[in-house]
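If you want the building blocks of each chain, they are given just below.
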Amino acid sequence: MSQNLIQNTISFVKEKLEGAEAGHDWFHIERVWKLSKKIAELETCDLEVVELSALLHDIADPKFHGGDETLALKISQEFLESENAEPQIIEQVLFIIKNISFKNRGEMPAILPVELQIVQDADRLDAIGAIGIARTFNFGGFKNNLMYDPEISPKLNQTKNEYKKSNGMTINHFYEKLLLLKDLMNTKEAKKIAEQRHQFMLEFLDQFYKEWKVE
């Protein structure tokens, strides 16, 4: 594995995401990268593909780029080609970036490469637990969404287009996505980590409702 390529990718991503929304900034990338490496230790996989995919997976998140799902692929391909990465490495990384998202889960192939499973798990783990809660409220504030309205129910089983267009409430997002992630983990290690983080979210929601009702 080329450590130069990994280090150059880190520098590239840090520069590209400077000033990004705090839930999708370099620190999110760094956590997903570290979680990916942690999970990868227990799997037979191509670690270079895992690391590069984790580092580049949110280089141009569609929700900050008018819904454009091709921009991240274009930026990543151009960067990796400029670094003379091997064509098969580039192909694998682009496949992971294309298929990692929760909203695209209905379009994914039935059998996922282990590298995609690892990075997808790491990205989903960063969406739950204490960090996940913080990121969710940060993004809700960024979009000026309501925190909660007892009169508005979560929209379950949304289509991809409904999910992309949703400007729903922050608390409803727990039911529309975050609480579903535990059962969507691929790897044994991620499932173990997700159990604890999932439980923390349930405890948070219980406390939130108690305070909301002034109990």
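So, here's what we can say about the structure. Predicted model only: the values in this text are computed from it and were never measured. (Residues numbered from 1 in each chain as written. Predicted model: local features only at pLDDT ≥ 70, side-chain atom pairs only at ≥ 80, totals over all residues. Heavy atoms only, no water.)

## Quick look at the nonpolar core
Put simply, the rule reads: Buried residues of nine kinds, namely Ala, Val, Leu, Ile, Met, Phe, Trp, Tyr and Cys, make up a nonpolar core once their side-chain atoms join them within 4.5 Å. Exposed residues in this analysis have more than 50% of their type's maximum accessible area, buried residues have under 20%, and partly exposed residues fall in between, with area computed by a 1.4 Å probe over protein chains only. The secondary structure listing takes helices from DSSP runs of H or I that are at least 4 residues long and strands from runs of E that are at least 2 residues long, numbered from the N terminus. Contacts between residues were defined by any pair of non-hydrogen atoms, one from each residue, lying within 4.5 Å.
Judged by nonpolar contacts, the single largest core of 58 residues is most densely connected at Leu56, Leu80, Val93, Leu125, Ile128 and Phe174. Elements with a minimum of two residues in this core: helix H1 (3-16), helix H2 (26-40), helix H3 (47-56), helix H4 (71-82), helix H5 (87-99), helix H6 (114-125), helix H9 (170-176) and helix H10 (188-212). Setting aside anything within four residues of it in sequence, one finds phenylalanine 174 in contact with Ile133, Thr136, Phe137, Leu179, Met201, Phe204 and Leu205.

## Here we look at the packing of aromatic side chains
To keep it simple, the criterion reads: Working definition: rings of Phe, Tyr and Trp (its six-membered ring) pair if their centres are within 6.5 Å, and the pair is stacked with planes under 30 degrees apart, edge-to-face with planes over 60 apart, and tilted otherwise. We call a charge positioned above a ring when the Lys NZ or Arg CZ atom is no farther than 6 Å from the ring centre and deviates by at most 35 degrees from the ring normal.
Under the criterion given, the structure shown has 11 aromatic pairs. Centre to centre, the rings of tyrosine 148 and tryptophan 212 are 4.8 Å apart; their planes meet at 80°, and the pair counts as edge-to-face. In this pair, tyrosine 148 is assigned in the loop between helix H7 (129-142) and helix H8 (160-165) and tryptophan 212 in helix H10, connecting sequence segments 64 residues apart. Among the residues examined, tryptophan 212 registers a relative accessible area of 38% and is labelled partly exposed. One aromatic cluster is present, formed by Phe137, Tyr148, Phe174, Phe204, Phe208, Tyr209 and Trp212 through successive ring pairs. Of note, lysine 37 hangs over the ring of tryptophan 33, and the distance from its end group to the ring centre comes to 3.9 Å.

## Looking at H7
Just so we agree on the cut-off: Given the number of residues in a helix, its expected span is that number minus one, multiplied by 1.5 Å. By arc we mean the arc of the directions from the helix axis to the C-beta atoms, nothing more.
Between its first and last C-alpha, H7 extends 20 Å over 14 residues, near the 20 Å set by a 1.5 Å rise per residue. Taken residue by residue, H7 has Gly129, Gly132, Ile133, Arg135, Thr136, Phe139 and Gly140 as its buried positions. Along the axis of H7, the buried positions cluster into a sector of 165°, meaning they face one direction only. Away from its buried face, by an angle of more than 90 degrees, H7 presents the exposed residues Gly141 and Phe142. In this structure, the buried side of H7 is in contact with H2, H9 and H10. Asparagine 144 lies just past H7 and shows a positive phi near 60°.

## So, unusual backbone geometry
Residue asparagine 84 is not a glycine yet carries a positive backbone phi of 60°. Turning to its location among the elements, asparagine 84 is positioned in the loop between H4 and H5. On the basis of relative accessible area, asparagine 84 is assigned to the exposed category, the value being 67%. Of note, the phi angle at asparagine 144 is positive, near 60°, even though the residue is not glycine. Here asparagine 144 lies in the loop between H7 and H8.

## A few points about the pattern of salt bridges
For side chains bearing opposite charge, pairing can occur when the charged atoms are close. Going by this rule: Salt bridges are defined by distance alone: a side-chain nitrogen of Lys or Arg within 4 Å of a carboxyl oxygen of Asp or Glu.
If you walk through the whole model with that rule in mind, you get nine salt bridges. As a salt-bridge pair, lysine 182 and glutamate 195 come within 3.9 Å of each other at their nearest N and O atoms. Of the two residues, lysine 182 sits in the loop between H9 and H10 while glutamate 195 sits in helix H10, which places them 13 residues apart along the sequence. Looking at lysine 182, the relative accessible area reads 18%, which means it is buried. Taking relative accessible area as the criterion, glutamate 195 reaches 45% and is therefore assigned partly exposed.

## Observations concerning the environment of histidine 198
Tracing the backbone through its elements, the reader meets histidine 198 in helix H10. On a C-alpha basis, the gap between histidine 198 and glycine 129 in space is 6.0 Å, while along the polypeptide they are 69 residues apart. Setting aside residues no more than four positions away along its own chain, histidine 198 makes contact with Leu179 and Lys182.

## A look at the environment of phenylalanine 95
With respect to the secondary-structure elements, phenylalanine 95 resides in helix H5. A relative accessible area of 31% places phenylalanine 95 in the partly exposed class. With 58 residues separating them along the chain, phenylalanine 95 and serine 153 place their C-alpha atoms 35 Å apart. Residues within four places of phenylalanine 95 in sequence aside, it is in contact with Pro109, Pro113 and Leu116.

These figures capture arrangement, not role.
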